[in-house]
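# Summary of structural features
Single-letter residue listing:
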Amino acid sequence: MRGPVAVSLLPGLLLFGTFFLVPVFVLVATAFARWGGLDFAWVGLDNYRQMFDDPVFFKAMVNTLFYAAASVFIQVPLGVGVGMVLALRPRGWKALRTIIFIPFVISGAAYALIFSMFYNPRAGLLNNALGALGLPGDRDWLFDTATARWAVAGTFVFVIGFVVVLVMAEIASIPTEMYEAASVDGASTWQQLTRITLPLLRNVIGTAILIRLLVDIGMFDLVYILTAGGPDDATATLALYAYRAYLNGEWGYANAVGSVIIVIGLVLIVTVRRTFRIGERAL
């Protein structure tokens, strides 16, 4: 059976090599070159020296990690909590699940445009609502260095539909006998959620965190449309920083930034997998 199995895997391996391994190899290799269109010259570690000497690069890294932290400590816990509640099937749970999931399927560009109007300093809903409550309602949320990063994070941390669906699917796979036995022993609903459901969600919580982290370290479209990285690079991400280098014709330098993003992603994958023991049986 080894021959037929090898043949059946060959198309997938060819696609994986062509569209993943080759681009990654080119990116890593050209990170050691000064490359801009037809100009190409090996420069060793010069791109990395330039990168680590640039304060904007560190701003972009801090912002990227900030967005990732917002997902880990706000978005995922909120999604897990809502998913656990909806899994109890309260009245109207199907409608609520649909409403919560809808923002997840909206394109990032459309979502960014919606929030650019929401944060508008003159006609935005947020400032109007604050003014109606008697609070200061004239702040330019996206272009004030004190609030810009928080405003950008606020556009995605409440998009919890994907996490909610993952959690509900995982809870549906938990044997009902465990809850029945707990009920017989006098466990309350809260005790069942915290002592049975939550520990058994370890794998899916780790998976949700990992997916969100990988999305956040490559965040581009949302930030680009909302602020283009401003003001004063207060919202710039590593992906946006690399994009600017590409526009300036510094392709090798941009690929050096891309290689840093890959390394960060690999570190996060290993850390999250080990922390949550993803892939190990929870039962």
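Treat the numbers as computed from the prediction; the structure is a model and nothing was measured.

Criteria and thresholds
- Residues numbered from 1 in each chain as written.
- Predicted model: local features only at pLDDT ≥ 70, side-chain atom pairs only at ≥ 80, totals over all residues.
- Heavy atoms only, no water.
- Phe/Tyr/Trp six-rings, centres within 6.5 Å; stacked < 30°, edge-to-face > 60°.
- Helix = DSSP H or I, 4+ residues; strand = E, 2+ residues; numbered from the N terminus.
- Buried < 20%, exposed > 50% of the residue type's maximum accessible area, 1.4 Å probe, protein only.
- Bend = angle between axes of the 7 residues up to and from the residue.
- Pairing = 2+ DSSP bridges.
- Axes fitted to C-alpha atoms, helices over the stretch in contact; angles between N-to-C directions.
- Parallel < 35°, antiparallel > 145°, perpendicular 65-115°, else oblique.
- Contact = heavy atoms within 4.5 Å.
- Nonpolar A, V, L, I, M, F, W, Y, C, P; charged D, E, K, R; others polar.
- Left-handed = near helix turned anticlockwise from the far one by under 90°.
- Salt bridge = Lys/Arg side-chain N within 4 Å of Asp/Glu carboxyl O.

### Overview of the packing of aromatic side chains
As enumerated under the stated definition, the model contains 22 aromatic pairs in all. An angle of 25° between the planes, with centres 5.0 Å apart, marks the rings of Phe 16 and Phe 20 as stacked. Residue Phe 16 and its partner Phe 20 are both found in helix H1 (residues 2–30); the two are separated by four residues, about one turn of the helix. We classify Phe 20 as partly exposed; its relative accessible area is 43%. Ring centres of Phe 115 and Phe 118 lie 5.6 Å apart, and the angle between their planes is 75°; on these two criteria the pair is classed as edge-to-face.

### What to know about H1
Along H1, the sharpest change in direction is near 40° and occurs at Gly 17. Within H1, the full set of buried residues consists of Gly 17, Leu 27 and Thr 30.

### Some remarks on the pairing of strand E1 (residues 33–36)
As judged from the four bridges shared by E1 and strand E2 (residues 39–42), these two strands associate in the antiparallel manner. When the sheet's bridge partners are listed, Gly 36 is paired in E2 with Asp 39. In textbook terms, the turn of a hairpin is the stretch between consecutive antiparallel strands, and for E1 and E2 this stretch comprises two residues, one of which, Gly 37, has a positive phi near 75°.

### Points about the packing of helix H11 (residues 202–216) against helix H14 (residues 251–276)
Packing of H11 against H14 leaves a shortest axis separation of 9 Å and a crossing angle of 170°. One finds that H11 runs roughly antiparallel with respect to H14. Together, Arg 202, Ile 205, Gly 206, Ile 209, Leu 210, Leu 213 and Leu 214 of H11 and Gly 265, Leu 268, Ile 269, Val 272 and Phe 276 of H14 make up the contact between the two elements. Classifying every residue of the contact of H11 with H14 by side-chain character gives nine nonpolar, two polar and one charged.

### With respect to the packing of helix H9 (residues 176–184) against helix H10 (residues 189–200)
Their axes nearest at 11 Å, the elements H9 and H10 cross at an angle of 160°. By the angle class used here, H9 and H10 are roughly antiparallel. Once H9 is placed against H10, the crossing between them reads as right-handed. In this structure, H9 contributes Met 178, Tyr 179, Ala 182 and Ser 183 to the contact, and H10 contributes Gln 192, Ile 196, Thr 197 and Leu 200. For the contact of H9 with H10, the class distribution of residues is five nonpolar, three polar and no charged.

### Section: the pattern of salt bridges
Taken as a whole, this structure holds five salt bridges when the rule is applied. A salt bridge links Asp 46 to Arg 49; the nearest nitrogen and oxygen atoms lie 2.7 Å apart. Residue Asp 46 and its partner Arg 49 are both found in helix H2 (residues 46–52); the two are separated by three residues, about one turn of the helix. Judged by its relative accessible area of 32%, Asp 46 falls in the partly exposed class. The shortest N-O distance in the salt bridge between Asp 144 and Arg 139 comes to 2.8 Å.

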